Amino acid sequence: MLLELKDVTVPTFDKKHIIVEDIYFGVKEGSIHAIIGPNGSGKSSLAYAIMGLPSYEVSKGKIFFNGKDITDLGVTERAKLGITLAWQEPARIDGLSVLKYLSLGMKDKSNIKEQAVEALKIVNLSPDRYIDRRIDESLSGGERKRIELAATIAMRPKLVMLDEPDSGLDMIVIEDFLNIFNKIRKLDMTILLITHREDIGMVADYGTLLWQGKSMITDKFPEVMLRFCAKAGLKEFCKRTLFQDDNACFGEDYIDRIFREEEEGRS
Amino acid sequence: MSDEPYPEEILESIENYNIDINNFIPGHGKGAKLLLNFNKISGLEEIEGVILKGREIENGIVADIIIKEGSVIEDPVHLCFGVNKQSGIQQIFPRIIAEDNTEVTIRAHCSFPNADGLIHKMFGHFYIGNNCKFTYNETHYHGEKSGALVAPVSYMYIGENSIYENNFNLTQGTPGKVKILLDIYAMKNSVIRSNVKAFGKGIGDSIRIRDSVFLEGENARSVIKMKAAAKDGGEVLMYGITEGNSPRCNGHVECQEIVLGKGSTCRARPFIRAIDPTSTVSHEASLGRFPQKWLDELQAKGLSEEEATDILIEAMLKED
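The residue numbering used here restarts from 1 in each chain and proceeds along that chain's sequence as written. Each chain gets a letter, beginning with A, and each ligand a number, beginning with 1, in the order they are written. Given that this is a predicted model, residues contribute local features only at a pLDDT of at least 70 and side-chain atom pairs are listed and counted only at 80 or more, while totals for whole chains, interfaces and linings are drawn from all residues.

### Some words on the overall build of chain A
The condition is simple: A run of H or I in DSSP becomes a helix once it reaches four residues, and a run of E becomes a strand once it reaches two; helices and strands are each numbered from the N terminus. The globule rule is 2.2 Å times the number of residues to the power 0.38, and the radius of gyration it is compared with is taken over C-alpha atoms. Three exposure classes are used. Buried residues have 20 or more other C-beta atoms within 10 Å of their own C-beta, exposed residues have 12 or fewer, and partly exposed residues fall in between, all C-beta atoms being placed from the backbone. Contact between residues is assigned whenever the C-beta positions, reconstructed from backbone atoms, fall within 7 Å.
Within chain A, the regular secondary structure consists of 11 helices and 10 strands. Relative to the globule expectation of 18 Å for 267 residues, the C-alpha radius of gyration of chain A, 19 Å, shows essentially globular dimensions. Referenced to the eigenvectors of the C-alpha coordinate spread, the extents of chain A come out at roughly 60 × 45 × 30 Å. Per-residue burial for chain A yields a buried fraction of 42% across its 267 residues. The contacts of chain A with a sequence gap of at least 6 include a subset with a gap of at least 24, amounting to 67%.

### Some details on the interface of chain A and chain B
This is how it is decided: Three residue categories are used. Nonpolar comprises Ala, Val, Leu, Ile, Met, Phe, Trp, Tyr, Cys and Pro, charged comprises Asp, Glu, Lys and Arg, and polar comprises the others, including Gly.
Contacts between chain A and chain B engage 19 residues on the former and 17 residues on the latter. Secondary structure elements with two or more residues in the side of chain A that touches chain B: α2 (75-81), β6 (83-86) and α6 (141-155) of chain A. The residue makeup of the side of chain A that touches chain B, split by class, is 13 nonpolar, 4 polar and 2 charged.

### A word on the environment of Leu210(A)
Residue and element names in this part refer to chain A. If you trace the backbone, Leu210 turns up in strand β9 (residues 206-211). Taking the number of C-beta atoms within 10 Å as the measure of exposure, Leu210 has 26 and is therefore buried. Placed 141 residues apart in sequence, Leu210 and Asp69 show a C-alpha to C-alpha distance of 23 Å. For Leu210, the residues in contact, after removing those within four places along its chain, are Val20, Ile35, Gly37, Ser41, Gly42, Lys43, Leu46 and Ser215.

### Here we look at helix α2 (residues 292-299) of chain B
Burial in α2(B) covers these residues: Leu295(B), Asp296(B), Glu297(B), Leu298(B) and Gln299(B). Buried residues in α2(B) make contact with α2 of chain A together with α3 (305-318) of chain B.

### Focus: the domain arrangement of chain A
Residues and elements named next belong to chain A. Put simply, the rule is: Domain segmentation is taken from an automatic or database assignment of domains.
Looking at chain A, the domain boundaries give domain 1 (3-82 + 157-266) and domain 2 (92-156). Taking only C-alpha atoms into account, the centre of domain 1 sits 26 Å from that of domain 2. Opposite the 11 residues of domain 1 that make contact, domain 2 presents 11 residues. Looking at which element gives the most residues to the side of domain 1 that touches domain 2, the answer is helix α7 (residues 171-186), with 5 residues. Residues of the side of domain 1 that touches domain 2, tallied by class, amount to 8 nonpolar, 1 polar and 2 charged.

### A word on the sheet that holds strand β13 (residues 191-200) of chain B
Residues and elements named next belong to chain B. Rule in force here: Whether two strands pair comes down to DSSP finding at least two bridges between them. The axes used here are C-alpha line fits, helices contributing only the stretch in contact, and every angle between their N-to-C directions lies in the interval 0 to 180 degrees.
The strand order across the open sheet built from 10 strands is β2-β1-β5-β7-β9-β11-β13-β15-β17-β19, with neighbouring strands paired in mixed fashion. Here the strands that pair on one side only, and so sit at the sheet edges, are β2 (40-45) and β19 (280-288). Shown here is a sheet whose adjacent strand axes are inclined to one another by a mean of 10 degrees, direction ignored. Here 11 bridges tie strand β15 (residues 221-231) to strand β17 (residues 250-260), and the two strands are oriented parallel to one another. Within the sheet, the bridge partner assigned to Val223 lies in β17 and is His252. Strands β5 (77-82), β7 (103-111) and β9 (133-141) of the sheet are contacted by helix α1 (residues 8-15), whose axis makes an angle of about 120 degrees with β7.

### A look at the domain arrangement of chain B
Interfaces are often sized by the accessible area lost when the parts come together. Once the domains are mapped, chain B shows domain 1 (1-122) and domain 2 (290-320). Using C-alpha coordinates to define each centre, domain 1 of chain B is positioned 35 Å away from domain 2 of chain B.

### With respect to the packing of helix α4 (residues 112-122) of chain A against α6(A)
Residue and element names in this part refer to chain A. Definition in use: An angle counts as roughly parallel when it lies under 35 degrees, as roughly antiparallel when it exceeds 145, as roughly perpendicular when it falls between 65 and 115, and as oblique in every other case. Helix crossings get a hand from a simple test, with the near helix turned counterclockwise from the far one by less than a right angle marking a left-handed crossing and a clockwise turn marking a right-handed one.
Running from amino to carboxyl end, α4 crosses α6 at an angle of 130 degrees, the nearest separation of the two axes being 8 Å. Classified by the angle between their axes, α4 and α6 sit oblique to one another. At the point where α4 passes α6, the crossing takes the right-handed sense. Seen from α4, the contacting residues are Gln115, Ala116, Ala119, Leu120 and Ile122; seen from α6, they are Ala150, Ile153 and Ala154. A breakdown of the residues in the contact of α4 with α6 according to their chemical character gives 7 nonpolar, 1 polar and no charged.

In structure tokens form, the structure reads like this:
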């Protein structure tokens, strides 16, 4: 496993409440692994804790990366080990050019421009149009997200966490993003995808369901998605959108059984 | 006029602001230029539409710079006030006049690379006529020893329908003691934009800047932006003053200051006053550190907190 979380608990900054509790899952190297769950289930907070942000300290459990215990490492050390995060709403720092921004995390500083051009092409931004632009309000939300993705690609991390990469984007753009994820994967990067959308998650090989701050299941993604639908009581939605006849992952009997089990569990 | 070549150290420090020095070495470049080496004039070149006169006095010079009526000056006029001695007094008394219907950019470079007990003073008068577009870009470098005392005072009259833009940059090296006073009187329909950037890097750096705009003419408009950072004991105090004294005038003052390390101080005092009921004057000030999220984002790219902060300061001081 590239990343392993063992019974990880993350409280709020003031330690008065628990955000996620006893989280246990692993991410295989080279895979796309989605963390799914409804709004408020703790997905982004968990990503911040994996990144080591100071406001999301792990109070219990351990995080391992490449077999090394990184629980007590700071954000910079984790980034240097090869972990990074593409933010849901990345900041606009007027005064920083796209080229400078992309260069910040590059390991090889000898051919910065070539690397930046390559990263921009991967996220389908024209280098000529963007490389000298500033990271300011003139960029749309979609453009800013692509530049964030390009910056993470330019780092060549081992693990890139994408926090709600679809938020605020229209469907055409989302389709484009899914293609970009596959390009990133071919660069030997492992992707941990944070999303609450099933269509985004379907690019994933594996998934973990977070529900009310707890990890309910880690498995191949369709299985996790099925459990998510069962927990949310979305049976028709599940049958209609995820497991249609021509693209069925499971038989209808199996879907019925999972929903029944979930129903019984609740009662 | 001195025949000595212009000191390399001064030229290098100007290049560090990404300015092409070939444009203002005497005999090179197209623009008009006035170069001062301590208290000696070492270069003075006029071009069509620009009158430049200078006279050496004890401890400095008196200079007249006149842009003739109707002239559109394509290449910037360069003023270079350099001192490569450690100490001494350099005093500049410029009178800058842009006659009606003119367009010009003046680039002033004040460079004191070895300053250690050096005093530079300026007492400038600017008269910008009607329908002018006048840009004054000023870059400073005061060496690395916090050893300069720099005290420029300027009074500016901006005529009707004119646009005046002031860009002051003191972000490289160690500023030393800096006291800047700028009073701008804006007439009818004029537009004033002033951007001031300064970075105090150590205990010997104290920067005090007072930018004042008096909106005296109907519909005059102004924006003063002051950005500063103080680090490791540095001190920055910025006064941004705007008075709305005429109908439908509109002024805004913005101060942004970042303070880093123990003993550093940043103070911002926006002072606004409106005496005409149809005028609008506003201010905005922020002091402190960068948002944690910005630091997190840069640290997640492998930068240390200090490196991330330096990048953010650099970015802040590059903003328009």
